[in-house]
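This is what each chain is made of:
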Amino acid sequence: MTMQGAPDPESEQGRVGAEPGRTHVSAAGLRARGWTDGIVRRLLGEPDRLSAHPRFRSAPWTRMYRVERVEAAEQSAEFRSGAAFRSGVAFRSGAAFAARRSGAVRKAAGRRGREAVARRRREVLARILAEPIDVPRMDAGELARRAVEHRARRERESTAGIAGTANALGAPSTPSPPYSPNPPLTDPASLDRWKVDYLRHRLSPYDELLEGLSSREGRGRAAALLRQRILAAIAEAYPELVEECERQVRDQQLGPPAGEISAHSD
């Protein structure tokens, strides 16, 4: 098709606004409808007219195409297959971008989560190391008496728990033995163990240092460090219990002395 001659810039027939927009489509309008420059060249060829910019005379001429020709070309198989291809490419490109973005977001969130866990663990360990452990002081006789009472109370609770389970299962109950506040003590090692257990029970409020710390954040390690510090404080307050405290450290595999553990280690 032969293109019309370039209009006179001074002629109203050459202006964009001189002709209703519905009769012609500009190159920019074609791109908005899904056309590419290559498809325009193949299916439409030369523009039907050129229009000057209404305000800027120095601007490049605008290529204009008749709406009838554009709509007819858009019904062709070549245009439709090309549009479907371009739509698929755009969809796949957008989906790939969304997937990459989603993966990046998940990765960043995971990294922030791990950093928060490590920070929380360091804070708790530092607090455990810095917290002063105040061990209650009493003379040897008073400590022995309270340790024995504490041991007897635990045994009664354990026996009651077993009896309750047996009753629930229909087994006959057996009466608990009478409690004696001063049972015979023939095993000093057992008494030392009871003393340490009693003092650890008295120091159980320090478990609050572990509140809010999950197993994922290293609660087990923090609890071991706290037990280690408590046993070290008991040994310092009661030198006669050093051997028992050291034994419990070994049995519970609590690791090296507290001074050798850094609160900033991960």
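Quick look at the overall build of the chain now. Looking only at helices and strands, the chain features eight helices and three strands. Going residue by residue from the N terminus, the α and β elements of the chain occur as β-α-α-β-β-α-α-α-α-α-α. Going through the 266 residues of the chain one by one, you find that 30% of them count as buried. If you take every contact in the chain between residues at least 6 apart in sequence, the share linking residues at least 24 apart comes to 77%. For the chain, the accessible area works out to roughly 17100 Å², and carbon and sulfur atoms hold 54% of it.

Across the sheet, three strands lie side by side as S1-S3-S2; this open sheet has antiparallel pairing. Each having just a single partner strand, strand S1 (24-26) and strand S2 (49-51) make up the two edges of the open sheet. Between one strand and the next, the sheet's axes are offset by a mean angle of 40 degrees, whatever the strand orientation. Pairing between S1 and strand S3 (residues 62-66): three bridges, direction antiparallel. When the sheet's bridge partners are listed, Ser 26 is paired in S3 with Met 64. Docked against the sheet, helix H3 (residues 67-74) engages S1 and S3, running at close to 70 degrees with respect to S3.

Before going further, it helps to spend a moment on the pattern of salt bridges. By the definition in use, this model includes 10 salt bridges. Glu 142 is the partner of Arg 146 in a salt bridge, and the nearest nitrogen-oxygen pair spans 2.6 Å. Linking Arg 146 with Glu 142, this pair stays in helix H5 (residues 140-168), spanning four residues, or about one helical turn. Classification of Arg 146 by relative accessible area gives partly exposed; the value is 29%.

As a further point, take the packing of helix H6 (residues 188-202) against helix H7 (residues 219-237). Taken N-terminus to C-terminus, the directions of H6 and H7 make an angle of 120 degrees; their axes are 10 Å apart at the nearest point. Relative to H7, H6 is oriented oblique. Note on packing geometry: the crossing formed by H6 with H7 is right-handed. Between H6, through Val 196, Leu 199 and Arg 200, and H7, the contact on the second element is made entirely by Arg 227, Ile 230, Leu 231 and Ile 234. Residue composition of the contact of H6 with H7, grouped by class: five nonpolar, no polar and two charged.

If you look at soluble globular proteins, the nonpolar side chains tend to sit buried side by side. Ranked by size, the top nonpolar core spans 33 residues in total, and within it Ile 128, Val 135, Leu 199, Ile 234 and Tyr 238 carry the most contacts. Elements with a contribution of two residues or more to this core: helix H4 (77-130), H5, H6 and H7. Top element by residues in this core is H7. It accounts for 10 residues. Ignoring sequence-local partners within four residues, the contact set of Ile 128 consists of Leu 209, Leu 210, Ala 222, Leu 225, Leu 226 and Arg 229. Counting 11 residues, the second-largest nonpolar core is a separate cluster that includes Val 25, Tyr 65, Val 67 and Phe 79.

Looking now at H6. With 15 residues, H6 should cover 21 Å at 1.5 Å per step; its first-to-last C-alpha distance of 21 Å lies within 8% of that length. By the burial criterion, the buried members of H6 are Ser 190, Leu 191, Trp 194, Lys 195, Val 196, Asp 197, Tyr 198 and Leu 199. The N-capping residue of H6, defined by a side-chain oxygen 3.2 Å from the backbone nitrogen of Ala 189, is Asp 187.

With that out of the way, let us pick up the confidence of the model for the chain. Within the chain, residue pLDDT values average 75, and 68% of them lie at 70 or more. Considering each helix and strand of the chain separately, the mean pLDDT is smallest for H4, with a value of 74, and largest for H6, with 92. Ignoring residues within four places in sequence, the model shows residues 1-20, a span with pLDDT below 50, making 36 contacts including any to other chains. The low-confidence segment residues 256-266, where pLDDT is below 50, has 24 contacts with residues more than four positions distant or belonging to other chains.

Cut-offs and rules
- Each residue is numbered by its place in its chain's sequence as written, counting from 1.
- Residues qualify for local features only when their pLDDT is at least 70, as the model is predicted, and side-chain atom pairs are given and counted only at 80 or more; totals for whole chains, interfaces and linings, by contrast, use all residues.
- No hydrogens and no water enter the side-chain calculation; it runs on all heavy atoms of the structure.
- Secondary structure counts use DSSP, requiring at least four H or I residues in a row for a helix and at least two E residues in a row for a strand, with both numbered from the N terminus.
- Summary of the burial criterion: residues with accessible area below 20% of their type's maximum are buried, those above 50% are exposed, and those between are partly exposed, where the area comes from a 1.4 Å probe applied to protein chains only.
- The contact criterion used is simple: two residues touch if any of their non-hydrogen atoms lie within 4.5 Å.
- Per-residue and other accessible areas follow the Shrake-Rupley method at a 1.4 Å probe size, with only the shown protein chains counted as cover for residues.
- Each pair of strands is called paired provided DSSP finds at least two bridges between the two strands.
- As a rule, the C-alpha atoms of each element are fitted with a line to give its axis, helices using only the stretch in contact, and angles between N-to-C directions run from 0 to 180 degrees.
- Should a side-chain nitrogen of Lys or Arg be within 4 Å of a carboxyl oxygen of Asp or Glu, the pair is scored as a salt bridge.
- We call two directions roughly parallel when the angle between them is under 35 degrees, roughly antiparallel when it is over 145, roughly perpendicular when it lies between 65 and 115, and oblique otherwise.
- Less than a right angle of anticlockwise turn of the near helix away from the far helix marks a crossing as left-handed, whereas a clockwise turn marks it as right-handed.
- When residue character is reported, Ala, Val, Leu, Ile, Met, Phe, Trp, Tyr, Cys and Pro are called nonpolar, Asp, Glu, Lys and Arg charged, and the others, Gly included, polar.
- Grouping buried Ala, Val, Leu, Ile, Met, Phe, Trp, Tyr and Cys residues that are joined through side-chain atoms within 4.5 Å yields what is termed a nonpolar core.
- Expected helix span is computed as 1.5 Å times (number of residues minus one).
- Polar contact criterion, stated in full: a pair of N or O atoms within 3.5 Å, where within protein one must be able to donate a hydrogen and the other to accept it, and residues adjacent in sequence count only if both atoms are side-chain atoms.
- Confidence of the prediction at every residue is given by pLDDT, a number between 0 and 100.

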